[in-house]
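Report on the structure
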Amino acid sequence: MKNKIAVIGAGSFGTSLAMLLVGKGHDVSIWGRKKSQMALMRDTLENPHYLPGIRLPKELNIVDDMAEALKDADIVLFSVPAQQFRAVLEDAKVYMKGNEIIVNVAKGIEKGTLLRLSEVAKEVIPEAKYVTLSGPSHAEEVAKSLPTTVAVAAEDEELAKFIQNVFNTDRFRVYTNDDIAGVELGGSLKNVIALAAGVLDGAGFGDNTKAALMT
């Protein structure tokens, strides 16, 4: 089934997922805030700032007008930094019909409010059909079609399965669950744990100490 998909955020992960979705036959538009970046992407069919050396598909609609990107979209994929998610969602809401599925790939907790991003979305769009997509995934490897696994989580199991179907390929495997809080917290806290593990290495401690941290 072909879907009209808007990708909001033209960084490395947004671009790589847009490429994946075009490859699956979807009608995809990608929007970025910097007009100069989007013009360069259109002219060169490359995103040199974030994915240098990787060719973009000519079918990808590259735009700097958010309204154009969101027009008639069935799915809106947000790939913006966690601390910008609220503001960008509020901007996008103006152009959304209200029945789009929101897929968010940002990892983080909102500063000040300490809200998870699904909670931020509910504050901005209370009726939002919200899915989080997260996992151990480097953007450049997704763009190169190297094997990757991610999880999609939503309160509605059928919604998670639908998005699984939209993204799933033989190289990009998507698994579903209903633990949206767990997926969001896992994605947010992993870097804190990684930094702590690095501190233990720097202090000269061993695997036992690191295992205690992980436990």
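See the structure above.
What comes next concerns the included structure. All of these numbers come straight from a predicted model, not from anything done at the bench. (Residues numbered from 1 in each chain as written. Predicted model: local features only at pLDDT ≥ 70, side-chain atom pairs only at ≥ 80, totals over all residues. Heavy atoms only, no water.)

A word on the nonpolar core
The condition that has to hold: What is meant by a nonpolar core is a set of buried Ala, Val, Leu, Ile, Met, Phe, Trp, Tyr and Cys residues, joined one to another through side-chain atoms within 4.5 Å. Burial here depends on accessible area, computed with a 1.4 Å probe over protein chains only, as a share of the maximum for the residue type. Under 20% is buried, over 50% is exposed, and the range in between is partly exposed. By the criteria applied, helices consist of DSSP H or I runs no shorter than four residues and strands consist of E runs no shorter than two, each listed in order from the N terminus. In what follows, residue pairs with any heavy atoms lying within 4.5 Å of each other are defined as contacts.
In terms of nonpolar packing, the biggest core is built from 40 residues, with V103 and F167 touching the most fellow members. In terms of residue count, helix α1 (residues 12–23) provides more of this core than any other element does, 7 residues in total. Discounting residues that sit within four places of it in the chain, F167 has contacts with L17, L20, L21, K24, L77, V103, L133, F172 and V174. In terms of nonpolar packing, the next biggest core, distinct from the first, is built from 30 residues, F85, L117, A128 and Y130 among them.

Some remarks on the packing of aromatic side chains
Any pair of aromatic rings gets described here by the distance separating the centres and the angle formed by the planes. As a reminder of what qualifies: Aromatic rings from Phe, Tyr and Trp, taking only the six-membered ring of Trp, are treated as a pair when their centres fall within 6.5 Å; an angle between ring planes under 30 degrees marks them as stacked, one over 60 as edge-to-face, and anything in between as tilted.
In this structure the tally under the stated criterion is 1 aromatic pair. Both rings, one in F78 and one in F85, keep their centres 5.6 Å apart while their planes meet at 85 degrees; by these two values the pair is edge-to-face. The exposure class of F85 is buried, given its relative accessible area of 0%.

A look at the sheet that holds strand β9 (residues 148–153)
Threshold: DSSP-based pairing: two strands are paired if at least 2 bridges between them are found. All axes are obtained by fitting lines to C-alpha atoms, using only the stretch in contact for helices, and the reported angles, taken between N-to-C directions, cover 0 to 180 degrees.
Strand order in the open sheet formed by 8 strands is β5-β2-β1-β6-β7-β8-β9-β10, with mixed pairing between adjacent strands. Here the strands that pair on one side only, and so sit at the sheet edges, are β5 (61–63) and β10 (172–177). With strand direction ignored, the average angle separating the axes of adjacent strands in the sheet is 25 degrees. Direction of pairing for strand β2 (residues 27–31) relative to β5: parallel, over a ladder of 3 bridges. Looking at the pairing, S29 lines up with N61 of β5.

Details of the pairing of strand β4 (residues 51–55)
Within a regular beta strand, the side chains point alternately toward one face of the sheet and then the other, so they alternate between its two faces. The pairing of strand β3 (residues 46–47) with β4 spans 2 bridges and is antiparallel. Paired with E46 across the bridge in β4 is R55. Between the antiparallel neighbours β3 and β4 lie 3 residues.

Considering the pattern of salt bridges
Rules: We define a salt bridge as a side-chain nitrogen of Lys or Arg found within 4 Å of a carboxyl oxygen belonging to Asp or Glu.
In this structure the tally under the stated criterion is 11 salt bridges. Where K58 meets E59, a salt bridge forms, and the shortest distance between an N and an O atom there is 3.4 Å. Salt-bridge contacts for E110 lead to R86; the nearest nitrogen and oxygen are separated by 2.8 Å. With a gap of 24 residues between them, E110 in the loop between β7 (101–104) and α5 (117–124) and R86 in helix α4 (residues 85–93) connect regions that are remote in the sequence.

Section: the side chain of E184
By the element assignment, E184 lies in helix α8 (residues 180–202). Once residues lying within four places of it in the same chain are set aside, the contact partners of E184 are R116, L117, S118, Y130 and T132.

Some points on the side chain of R86
Definition in use: For the purposes of these results, a polar contact is taken to be a pair of N or O atoms within 3.5 Å, where, inside protein, one atom must be able to donate a hydrogen and its partner to accept one; residues adjacent in sequence count only when each atom of the pair is a side-chain atom.
On the accessibility criterion, R86 (18% relative accessible area) is buried. Within the structure, R86 has its side chain in polar contact with the side chain of E110 (distance 2.8 Å). Setting aside its immediate chain neighbours within four residues, R86 contacts E110, T113, L115, V120, E123 and V124.

A word on α1
Quick note on the threshold: Multiply 1.5 Å by the residue count of a helix minus one, and that product is the helix's expected span.
Here α1 contains 12 residues, and its C-alpha end-to-end distance of 17 Å stays within 8% of the 16 Å for a straight helix at 1.5 Å per residue. Within α1, 10 of the 12 residues are buried, leaving the element largely enclosed by the surrounding structure. Residues of α1 that are buried include every one of F13, G14, T15, S16, L17, A18, M19, L20, L21 and V22, and no others. G25 lies just past α1 and shows a positive phi near 95 degrees.

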